[in-house]
Amino acid sequence: MTAAEYVFGETIPAPGASIEVAPGILWLRMPLPFALDHINLWAIEDGEGWTLVDTGFGVQATWDLWDRHFAGSLKGRPVNNVVVTHYHPDHLGSAAWLVKRTGAAFWMTTGEFLSGHAAHDDTAGFDRTTGIEFFRINGLDTSRFPERMRTGNGYRRGVPEIPTSYRRMLDGDRIAIGAHHWQVITVFGHAPEHAALYCADLNILISGDQVLPRITTNVGVWGNQPESNPLALFLDSIGRFLPLPADALVLPSHDRVFRGLHGRIAELRAHHEERLGRLLAACASPVTAHEVLPVLFKRALDDHQLMFAMGEAIAHLHYLWHRGAVVRDVAPDGIRRFRAA
Ligand SMILES: [Zn+2]
């Protein structure tokens, strides 16, 4: 189900190539080593050079493709700015490489810049020990995880380095890129202070991960904010896109360029309401987040997907809990169970 109309049909940019989605705006694609196997990046003409939005996973395969783009799609012209929507590895991973390579200015929101550094440095509750303990109290038998998932730092696999200084983006800022201004719109629930960018002249929204045309954005509770309600933040803050024109061209980080923003937002809200309804029914007797996974996910989950599924299940339970629809009991061993109020 999707209200999204794919503006370019099935067409996607080939590796190392680009598609001009509007005058002076290029769509690039980089591979990812996950089930979600690609990310979309954007290059915006900026005077004699370019502003890049998002950077790709921080590995050699991405950098080799960037080298092809510099000579090809970007016509050998300089990169003035690197703008990163949020701290996740597919978006931030190659920023340090690009900034070093091109001398570009580097832009992020403060919430994302600091979260990236915390995840990279295993601090502020981003470490595995905190994460694993949080999944344990939500009913997951974490002893079955292989050693590499219980120790080490997975984030650095995709983000080997992060610039140590940045230019701050704030909600409402207007950033001049070439002939046009882009308005920063911050949105929440998927990441702490995710930046989206809207250009009124061109009627284009760079939506990052906040609104995707077909898959739903991951919204999870994690160990460093164990009582949080990110689904409420997500459902509320996607409403920040509703004042934009219904026919805005949306450039999402995954899948394809589309129109149908308002319909897609309505669909996402309905999708989560439907899942919340099913989940509430499953809370007729006390359940952990791990026990309700089959209510939300029909397919088999690999270990990587299991982490995101747990975060997502807890986010939905917390939404019901914060709303007062379910009660949370905490057992002496710390295990949290939720039951209908
Ligand atoms: Zn993301």
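Scroll up to find the structure this text is about.
Residues numbered from 1 in each chain as written. Predicted model: local features only at pLDDT ≥ 70, side-chain atom pairs only at ≥ 80, totals over all residues.

**Focus: the overall build of the chain**
Defined as follows: Every helix listed is a DSSP run of H or I at least four residues long, and every strand listed is a run of E at least two residues long, numbered separately from the N terminus. Values of the radius of gyration come from C-alpha atoms, whereas the globule rule sets the reference at 2.2 Å times the count of residues to the power 0.38. Using C-beta atoms placed from the backbone, we call a residue buried if 20 or more other C-beta atoms fall within 10 Å of its own, exposed if 12 or fewer do, and partly exposed for counts in between. Residue pairs are scored as contacts if the distance between their C-beta atoms, which are placed from the backbone, is within 7 Å.
Along the backbone of the chain there are 11 helices and 16 strands. For 341 residues, the compact-globule estimate of 2.2 N^0.38 gives 20 Å, and the C-alpha radius of gyration of the chain, at 20 Å, lies within 12% of that figure. Projected onto its principal axes, the C-alpha coordinates of the chain cover approximately 65 × 40 × 35 Å. Taking all 341 residues of the chain together, 43% fall into the buried category. Restricting to contacts in the chain with at least 6 residues of sequence separation, those with at least 24 account for 67%.

**Focus: the packing of helix 8 (residues 230–237) against helix 11 (residues 303–323)**
Let me state the cut-off plainly: For helices, the axis comes from a line fit to the C-alpha atoms of the stretch in contact; other axes are also lines fit to C-alpha atoms, and the angle between any two N-to-C directions lies between 0 and 180 degrees. Oblique is the label for any angle not covered by the other classes, which are roughly parallel (under 35 degrees), roughly antiparallel (over 145) and roughly perpendicular (65 to 115). Each residue receives one of three labels: charged for Asp, Glu, Lys and Arg, nonpolar for Ala, Val, Leu, Ile, Met, Phe, Trp, Tyr, Cys and Pro, and polar for the others, Gly being one of them.
Between helix 8 and helix 11, whose axes approach to 7 Å, the crossing angle comes to 85°. Comparing the axis directions of helix 8 and helix 11 gives the class roughly perpendicular. For the pair helix 8 and helix 11, the contacting residues are P230, L231 and A232 in the first and A315, H316, Y319 and H322 in the second. Partitioning the contact of helix 8 with helix 11 into residue classes produces 5 nonpolar, 2 polar and no charged.

**Digging into helix 3 (residues 95–102)**
Where helix 3 is concerned, the buried positions are A95, W97, L98 and V99. Lining the buried residues of helix 3 we find strand 5 (49–53), helix 1 (60–71), strand 6 (79–83), helix 2 (89–92) and strand 7 (105–108). Backbone geometry just downstream of helix 3 places G103 in the positive-phi region, at approximately 75°.

**Concerning the environment of A195**
Considering the arrangement of structural elements, one finds A195 in strand 11 (residues 194–199). Between the C-alpha atom of A195 and that of T129, which follows or precedes it by 66 residues, the distance is 29 Å. Apart from residues lying up to four places away in sequence, A195 is in contact with T85, T109, M169, V184 and T186.

**Overview of the packing of helix 9 (residues 261–282) against helix 11**
Closest axis-to-axis distance for the helix 9/helix 11 pair is 10 Å, and the angle between their directions is 80°. For the element pair helix 9 / helix 11, the angle class is roughly perpendicular. Residues R275, L276, L279 and L280 of helix 9 touch helix 11, and the partners they reach there are H316, L317, Y319 and L320. Looking at the contact of helix 9 with helix 11 residue by residue, the class counts come to 6 nonpolar, 1 polar and 1 charged.

**Observations regarding the nonpolar core**
Put simply, the rule reads: Only buried Ala, Val, Leu, Ile, Met, Phe, Trp, Tyr and Cys residues enter a nonpolar core, and they are joined through C-beta atoms within 7 Å.
With 89 residues, the main nonpolar core has W42, L52, V82, L98 and L205 as its most contacted residues. For this core, the element with the highest residue contribution is helix 11, accounting for 9 residues. Beyond its immediate chain neighbours, meaning those up to four positions away, W42 contacts I25, L26, W27, V53, I206 and L251.

Read these as spatial facts, not as claims about activity.
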